[in-house]
Amino acid sequence: MMAHHRLASAPDTVRFGMFDAAFDPVLTVNPGDSVTFECVSGGVEVMPAAGSPYAIPPALRAIHDSKPERIGPHILTGPVAIAGAAPGDMLEVRIEAIAPNNDWGYCAVRPLAGTLPEDFPERYVSHIAVDAARGVCKPEWGPEMPLAPFFGTMGVAPPAKYGRLSSREPREHGGNMDNKELVAGSTLFLPVWVPGANFSVGDGHGRQGDGEVCVNALEMGLTGTFTFILHKQVAFEWPRAETPTHYILMGFNEDLDLAMKQALRQTIDFITARSSLTRVQAYQFCSLAVDFRVTQTVNGEKGVHALLKKGLLF
């Protein structure tokens, strides 16, 4: 029988800005189970000042007060192990629901970061009101915008040979992909690198434009429900995803041109594995029918994602 679990962010259930194959899971579930993660977001440097109309969630304050070890920028809830998962397997992560759990978020520019660090050398933090009931957000300086929540960071434990990694860079274990297509109703597929897979999630985004050019989206607390399906011995090396309308292939590299090439090669491989097209025919098909978008340009490893519309080939 499938079970449902709940995991809240707390000092003993989060890691601040890091993935590591050596981390013990805080929860173990069976394949087919679902987990609701209550995630918080933000370091002390972006919290609202005293007297602000925005309250710091108690769970977030407790994490800050515990002074956790920190490497990267994201508070990650987990890891959650899936019983029976082993290297060489594929973990299917069905994103069932995502909703705001806070009435504000933030967007920050910081020195030496972003796509134009030479143009914007000063820290600038905006706190943004969120109206979950109406599905909108509004910065003090700008227009009201619709929410489109997703988690910027979702990933399994990386290969053990990498040791401890910052959560900043997306890699073959997933991580900080910042792919705004991964909303509720979509599915993420991740290669398994360690026993249990050890899935973590965080970096809630209320909305984001492709590119995420200033470093941040609308960073905020989100609650998400995921169902975990295990596929034994399905060989692939890079995350991919699926929405109700599109297949998504991804590339990550510090060079945007090389990220594009990786996403394109992943797409050609995906097409030829599922159709009778040759590689050169799949290459031409990509030029005719596949959209390649810049996912983000700010995480060290830049991202490109390909959108292949369902029904065109298969």
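Our subject in this report is the structure included herewith. Owing to the predicted nature of the structure, the values given are computational and were not obtained by experimental measurement.

Overview of the pairing of strand β7 (residues 90–100)
Both β7 and strand β15 (residues 187–191) contribute to a ladder of five bridges, which runs antiparallel. Residue pairing for β15: Glu92 is matched across the bridge by Phe189. The pairing of β7 with strand β17 (residues 222–231) spans 10 bridges and is antiparallel. By the bridge assignment for β17, Arg94 is matched with Thr227.

With respect to the packing of helix α2 (residues 256–274) against helix α3 (residues 279–289)
For the pair α2 and α3, interaxial distance at closest approach is 9 Å and the crossing angle is 120°. As far as their axial angle goes, α3 and α2 are oblique. Viewed along their axes, α2 and α3 form a crossing whose handedness is right-handed. Only Arg279, Ala282, Tyr283, Phe285 and Cys286 of α3 make contact with α2, whose side of the interface consists of Leu264, Thr267, Ile268, Asp269, Ile271 and Thr272.

As for the side chain of Asp20
Take Asp20: it is sitting in the loop between β3 (18–19) and β4 (27–29). Of the residues examined, Asp20 reaches a relative accessible area of 11% and is grouped as buried. Engagement of the side chain of Asp20 in a polar contact is seen with the backbone nitrogen of Ala22, the distance being 2.8 Å. At 3.0 Å, the side chain of Asp20 forms a polar contact with the side chain of Arg164. Residues within four places of Asp20 in sequence aside, it is in contact with Ala157, Pro158, Gly163 and Arg164.

Points about the layout of surface pockets
The calculated volume of the largest pocket comes to roughly 430 Å³. Lining the largest pocket are 29 residues, and of these Arg70, Pro73, Arg110, Val215 and Asn216 sit closest to its centre. Those elements that provide at least two residues to the lining of the largest pocket are β8 (104–109) and β16 (199–205). Sort the elements by how many residues they give to the lining of the largest pocket and β8 lands first, with three residues. Class assignment for the residues of the lining of the largest pocket results in 10 nonpolar, 10 polar and nine charged. Lining the second largest pocket are 19 residues, with Cys107, Trp141, Asn216, Ala217 and Leu218 sitting closest to its centre. Elements that contribute at least two residues to the lining of the second largest pocket include exactly β8 and β9 (124–131).

What about the sheet that holds strand β1 (residues 4–8)?
Strands pair in a sheet through their backbones, by hydrogen bonds, and they do so in one of two ways: parallel or antiparallel. With mixed pairing, nine strands are arranged side by side in an open sheet as β1-β5-β17-β7-β15-β18-β19-β21-β20. Strands at the two margins of the open sheet, each flanked by one partner only, are β1 and β20 (291–296). Geometrically, the sheet is characterised by an average inter-axis angle of 25° between neighbouring strands, direction not taken into account.

Points about the sheet that holds strand β11 (residues 145–146)
Strand order in the open sheet formed by four strands is β8-β9-β10-β11, and the pairing between neighbours is antiparallel. Each having just a single partner strand, β8 and β11 make up the two edges of the open sheet. Sheet analysis places β8 next to β9, joined by six bridges and oriented antiparallel. Following the sheet pairing, Val109 is matched in β9 by Tyr124.

Concerning the environment of Ala282
Following the sequence through the fold, Ala282 ends up in helix α3. In this structure the C-alpha to C-alpha distance between Ala282 and Leu249, which are 33 residues apart in sequence, comes to 14 Å. Residues within four places of Ala282 in sequence aside, it is in contact with Ile268, Ile271, Thr272 and Leu277.

A closer look at empty space enclosed by the protein
Taken as a whole and judged by the stated rule, the model has two cavities of 30 Å³ or more. If you go around the largest cavity, the residues you meet are Arg15, Met18, Phe19, Asp20, Phe23, Leu76, Gly78, Pro79, Ala157, Asn198 and Ser200. With three residues, the single largest contributor to the lining of the largest cavity is strand β6 (residues 75–82). Looking at the lining of the largest cavity residue by residue, the class counts come to six nonpolar, three polar and two charged. By volume, the second largest cavity is sized at about 50 Å³.

Reading the values: rules and limits
Residues numbered from 1 in each chain as written. Predicted model: local features only at pLDDT ≥ 70, side-chain atom pairs only at ≥ 80, totals over all residues. Heavy atoms only, no water. Pairing = 2+ DSSP bridges. Helix = DSSP H or I, 4+ residues; strand = E, 2+ residues; numbered from the N terminus. Axes fitted to C-alpha atoms, helices over the stretch in contact; angles between N-to-C directions. Parallel < 35°, antiparallel > 145°, perpendicular 65-115°, else oblique. Left-handed = near helix turned anticlockwise from the far one by under 90°. Contact = heavy atoms within 4.5 Å. Buried < 20%, exposed > 50% of the residue type's maximum accessible area, 1.4 Å probe, protein only. Polar contact = N/O pair within 3.5 Å; in protein donor to acceptor, adjacent residues only side chain to side chain. 1 Å grid on protein atoms, 1.4 Å probe; cavity = no way out; pocket = protein on both sides within 12 Å on 5 of 7 lines; lining within 4 Å. Points joined across faces, edges and corners; volume = space filled by probe spheres on them. Nonpolar A, V, L, I, M, F, W, Y, C, P; charged D, E, K, R; others polar.

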